[in-house]
Amino acid sequence: MPLSDAEIARYARQLLLPGFGPVSQEFLRAARVQVVGAGAIAGPAMVYLAQAGVGTITVDDAADVALGDSAHWLYPPDREGMPRMSVAIEALRRVSSFTKPKLHATGADPTAVLVCPESYGVAREAAERARAAGLPHVVAQGDGDGGVVVTVPVGAACFSCASMAGAGLPATPGAAASLGALAALELLLVLAHAAQDPKGRRIELVRGVPQARATQKQPGCACNKPRA
Amino acid sequence: MNLLDIRAYVCPMTWVKAKIALDGLAPGDSLEVLLRDGEPLENLPRTAEEEGHSVALRERAPEAGADAWRVVLVKGAGEISKET
């Protein structure tokens, strides 16, 4: 279905970008992104995904809003104690009427996954599920005043090959916002097919400076074996 | 000839509408654009050329209004990347 006049007006600024056109916007509209972990990094990431026109965002997080979450963009202090999923959905509905935010539930059929849990182990598990399901995914992990974003298009080196556990420090609000924005941009590039033949890469954010390098499959890793 | 009337629009919608119309054409196809004098006439042909299309005609279109112009764009073979 072609973009409506309202959609064209809403997304005019990105429709102007070289390499990005109405078909790219239609890809974003058709995308269904599962967001695993709706914390400090996912908050800004989901806002950017919604503002860019991702059609459906399913929020996958079992935690309740805690007092510390008030710095997480989507969670005002008066929502403390309520489920993060429902508060995040309420906030995303205010961001864009073109995006459908939903609770992630069994039977959801995502086309891509954004993995942002605070725990490295949970991130690895979620990334591996996405890889096994053949879904492109982006993993963002904070670590103090920096962190890492790993982009895994289908067939690229997996998150485990491209990452290592950090010190486990929670990301500062500024680092979390930066990582969330980077993660959203990476996923949008994959979803919009704006990057031709997208390769996996790892972006490290160190004291506010991002550095990107290509990822490589490690010998013996499951991602380095032909798919059955 | 494909026709696009963007007299009612202002920047950036003028070029967005033209870009979307060009996106649906094959290289070498023409797009006749009706637009207003001033900013649209200054910017649209220039932007089209920057993105790899060519301008085949630029003339006044008095039948469409005192400040109306007709510009015919020819779709280029591919978008010019602005990456360096």
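Scroll up a little and you will see the structure.
This section reports on the structure supplied with the text.

1. Quick look at the nonpolar core
Residue and element names in this part refer to chain A.
Okay, so step 1: The biggest cluster of nonpolar side chains holds 82 residues, and the ones touching the most others in it are L114, A183 and L187.
Okay, so step 2: No other element matches the 11 residues that helix α8 (residues 173-191) contributes to this core.
Okay, so step 3: Not counting the four nearest positions on each side in its chain, A183 is found in contact with I41, A45, L114, C116, V138, A140 and V149.

2. Considerations on the packing of helix α1 (residues 13-23) of chain B against helix α2 (residues 39-50) of chain B
For any two helices packed against each other, one specifies the crossing angle of their axes together with the interaxial distance.
All names here are of chain B.
Okay, so step 1: Their axes nearest at 10 Å, the elements α1 and α2 cross at an angle of 40°. Classed by the angle they form, the pair α1 and α2 counts as oblique. For α1 against α2, the interelement crossing comes out right-handed. On the side of α1, the interface is formed by T14, W15 and A18, while α2 contributes P40, N43, L44, T47 and A48.

3. Some thoughts on the interface of chain A and chain B
Okay, so step 1: Contact residues are listed per partner, giving 10 residues for chain A and 11 residues for chain B.
Okay, so step 2: Taken together, the elements giving at least two residues each to the side of chain A that touches chain B come down to α1 (5-10) and α2 (12-15) of chain A.
Okay, so step 3: When residues of the side of chain A that touches chain B are assigned to their parent elements, the largest contribution, 3 residues, is made by α2(A).
Okay, so step 4: Here the residues of the side of chain A that touches chain B are counted per class, giving 7 nonpolar, 2 polar and 1 charged.

4. A few points about the sheet that holds strand β1 (residues 2-5) of chain B
Residue and element names in this part refer to chain B.
Okay, so step 1: Read from one edge to the other, the open sheet built from 4 strands follows the order β1-β2-β4-β3, with strand pairing classed as mixed. Both outer strands of the open sheet, β1 and β3 (54-60), are each paired with one neighbouring strand and no more. Sheet twist, expressed as the average angle between the axes of neighbouring strands with direction ignored, equals 20°.
Okay, so step 2: Sheet topology note: the β1/strand β2 (residues 30-36) ladder contains 4 bridges and is parallel. Bridge pairing in β2 places N2 opposite L31.

5. Looking at α8(A)
Residues and elements named next belong to chain A.
Okay, so step 1: An ideal rise of 1.5 Å per residue puts 27 Å on 19 residues; α8 measures up with 27 Å between its terminal C-alpha atoms.
Okay, so step 2: With 14 of 19 residues buried, α8 is to be regarded as a mostly interior element.
Okay, so step 3: Of the residues trailing α8, H193 is marked for its positive phi of about 60°.

6. Comments concerning the sheet that holds strand β4 (residues 112-115) of chain A
Residue and element names in this part refer to chain A.
Okay, so step 1: The 8 strands lie next to each other as β3-β2-β1-β4-β5-β6-β7-β8, forming an open sheet whose pairing is mixed. Looking at which strands have only one partner, the edges of the open sheet turn out to be β3 (100-103) and β8 (209-214). Direction aside, neighbouring strands of the sheet carry axes that sit 15° apart on average.
Okay, so step 2: As judged from the 3 bridges shared by β4 and strand β5 (residues 137-143), these two strands associate in the parallel manner. The residue of β5 that forms the bridge with V113 is H137.
Okay, so step 3: Lying on the sheet, helix α6 (residues 120-132) is in contact with β1 (32-36), β4, β5 and β6 (146-152); it crosses β5 at an angle near 175°.

7. Describing the pairing of strand β2 (residues 56-60) of chain A
Residue and element names in this part refer to chain A.
Okay, so step 1: Counting buried positions along β2 yields 4 of 5 residues, so the element is predominantly enclosed.
Okay, so step 2: Pairing between β1 and β2: 5 bridges, direction parallel. Its bridge partner lying in β2, V35 is registered against V59.
Okay, so step 3: Here β2 pairs with β3 via 4 bridges, running parallel. Along β3, the bridge assignment pairs T58 with K102.
Okay, so step 4: Crossover connection from β2 via helix α5 (residues 84-95) to parallel β3: handedness right-handed.

About the cut-offs
- Positions within a chain are numbered from 1, following the residues in the order the chain's sequence is written.
- Each chain gets a letter, beginning with A, and each ligand a number, beginning with 1, in the order they are written.
- Under the rules for a predicted model, residues below a pLDDT of 70 receive no local features and side-chain atom pairs below 80 are neither given nor counted, while totals for whole chains, interfaces and linings still include all residues.
- By definition, a nonpolar core groups buried Ala, Val, Leu, Ile, Met, Phe, Trp, Tyr and Cys residues that connect through C-beta atoms lying within 7 Å of each other.
- Counting other C-beta atoms within 10 Å of each residue's C-beta, where C-beta atoms are placed from the backbone, gives the exposure class: buried for 20 or more, exposed for 12 or fewer, partly exposed between.
- By definition, any uninterrupted DSSP run of H or I lasting at least four residues is a helix, any uninterrupted run of E lasting at least two residues is a strand, and each is numbered from the N terminus.
- Residues are defined as contacting one another if the C-beta atoms placed from their backbone atoms lie within 7 Å.
- Axes here mean lines fitted to C-alpha atoms, for a helix over just the part in contact, with angles spanning 0 to 180 degrees between N-to-C directions.
- Should an angle fall under 35 degrees it is taken as roughly parallel, and over 145 as roughly antiparallel, whereas 65 to 115 is taken as roughly perpendicular and any remaining angle as oblique.
- In this scheme, a crossing is called left-handed if the near helix is turned counterclockwise away from the far one by less than a right angle; it is called right-handed if the turn is clockwise.
- Residue polarity is assigned by list, with Asp, Glu, Lys and Arg as charged and Ala, Val, Leu, Ile, Met, Phe, Trp, Tyr, Cys and Pro as nonpolar; anything else, Gly included, falls into the polar class.
- A strand pair is defined by DSSP finding two or more bridges across the two strands.
- An expected span of 1.5 Å times one less than the residue number is assigned to each helix.
- Here, the term right-handed applies to a crossover whose path from the first strand over the helix to the second runs clockwise when the strands point away from the viewer.

Note that all results are geometric; they support no functional claim without further evidence.
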